[in-house]
Amino acid sequence: MPKRPMSVAEELKQVRPFATSAEEALVSVLRSAAVIRRVLGQRIDPFGISPAQYNVLRILRGAGTEGLPTLAVRDRLIEEAPGITRLIDKLESAKLVRRDRTGKDRRTVRCQITPMGLALLEEADEHVRAVQTLVAEAIPDEAERLKLVELLARLRAVVPTTAD
């Protein structure tokens, strides 16, 4: 019989109860994201890239041979990255990404993933799928996973994306 998972309060060794279930839900979402982010980082660290760099490569792979303008890459990131130019600079110096100004608007810099970047990403993807497997093992019921996705989408829909 599987053991009962710890509550977020137990994990954090919190003595006082949460003031509301909304507070507990918020802390639980943040804690879960941090735990998964840490595991993901450990899985892709051997490839010499950060989770943010992996995300940029994933986005550029999806963009195909046309690539994307730098700001479009920034807008598609899972987590906000304050220095998108610096992030792409590092990927470019590692020859995983290239920049191109040869489009219709020469002011726009398009970023494209290189064959070397594609190869690294393909290898790293295997390790990211292992993290996805952990999620599937933790929530083996497909309907429950889809419900979680729906609940998180509802949460994101009401949270402002900018500090007003």
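Preceding this section is the structure that the text describes.
Quick caveat: nothing in here was measured; it's all calculated off a predicted structure. Each chain has its residues counted from 1, following the order in which its sequence is written. Only residues with pLDDT of at least 70 get local features here, since the model is predicted, and only at 80 or more are side-chain atom pairs given and counted; chain-wide, interface and lining totals rely on the full set of residues. Only heavy atoms go into the side-chain values, all of them from the structure, while hydrogens and water stay out.

A. Local environment of unusual backbone geometry. Even without being a glycine, Lys 13 presents a positive backbone phi close to 55°. Secondary structure counts use DSSP, requiring at least four H or I residues in a row for a helix and at least two E residues in a row for a strand, with both numbered from the N terminus. Considering the arrangement of structural elements, one finds Lys 13 in the loop between α1 (8–11) and α2 (21–44). Categorising residues by exposure relies on relative accessible area from a 1.4 Å probe, with only protein chains included: less than 20% of the type maximum marks a residue as buried, more than 50% marks it as exposed, and the intermediate range marks it as partly exposed. You can call Lys 13 exposed: its relative accessible area is 69%. Its identity as a non-glycine residue notwithstanding, Lys 95 has a phi of 65°, on the positive side. Summarising the element assignment, Lys 95 is placed in the loop between α5 (84–93) and β2 (97–100). A relative accessible area of 57% means that Lys 95 is categorised as exposed.

B. Region of interest: α5. All of the buried residues in α5 are Ile 84, Leu 87, Ile 88 and Leu 91. In an axial view of α5, the angular spread of the buried residues amounts to 90°, which keeps them on one side of the axis. The exposed residues of α5 that point more than 90 degrees off its buried face are Arg 86, Lys 90 and Ser 93. Where α5 is buried, its residues meet α3 (51–63), α4 (70–76), β2 and β3 (110–113). Immediately downstream of α5, the backbone of Lys 95 shows phi near 65°, a positive value. This arc corresponds to the set of directions leading from the helix axis out to the C-beta atoms. Only heavy atoms enter the contact rule, under which two residues are in contact if any of them lie within 4.5 Å.

Note that every value here comes from positions in space, so none of it alone points to a role or purpose.
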